[in-house]
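Spelled out from the first residue to the last, the chains are:
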Amino acid sequence: MPTILEVSGIKAPEMVDGIKQAPIEGTSFAYTFDAANAKAPSRHKTQYFEMMASGRCTTTAWLLSTKVNRAPWRPLGPAQP
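Let us look at the structure shown here. Predicted model, so just to flag it, every value in this text is computed and none were measured.

Next up on the list: unusual backbone geometry. With phi around 50 degrees, Asp17 is a residue other than glycine that occupies positive phi space. For Asp17, a relative accessible area of 79% gives the class exposed.

Across 5 bridges, the pairing between strand 3 (residues 47–51) and strand 4 (residues 54–58) is antiparallel. Note that in strand 4 the partner of Gln47 across the bridge is Thr58. Judged from the 3 bridges that link them, strand 4 and strand 5 (residues 63–65) form a sheet pairing that is antiparallel. Bridged to Arg56 within strand 5 is Ser65. With antiparallel pairing between neighbouring strands as the criterion, strand 4 and strand 5 make up a hairpin whose turn holds 4 residues.

The next thing to look at is the pattern of salt bridges. By the definition in use, this model includes 1 salt bridge. Residue Glu14 is joined to Lys11 by a salt bridge in which the shortest nitrogen-to-oxygen separation is 3.4 Å. For Lys11, a relative accessible area of 65% puts it in the exposed group.

Criteria and cut-off values
- Residues numbered from 1 in each chain as written.
- Predicted model: local features only at pLDDT ≥ 70, side-chain atom pairs only at ≥ 80, totals over all residues.
- Heavy atoms only, no water.
- Buried < 20%, exposed > 50% of the residue type's maximum accessible area, 1.4 Å probe, protein only.
- Pairing = 2+ DSSP bridges.
- Helix = DSSP H or I, 4+ residues; strand = E, 2+ residues; numbered from the N terminus.
- Salt bridge = Lys/Arg side-chain N within 4 Å of Asp/Glu carboxyl O.

Following this line, the structure appears as structure tokens:
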């Protein structure tokens, strides 16, 4: 989302339907669109990904990963092997 907002020149809304919005987190990839930055170091130091209750967080120094052995719609009960 930060990349889309920067490239389009649109500012993220502070309010939507009277509800204050949380700040949009993340780093724009727009700097990579310029050939002059082809060899620039990444600005993304920490990345987080989550899907179906399993998550992964990485940095330049370490990796944290989880695996949940049950369906996300069944948060309680025995885990599946």
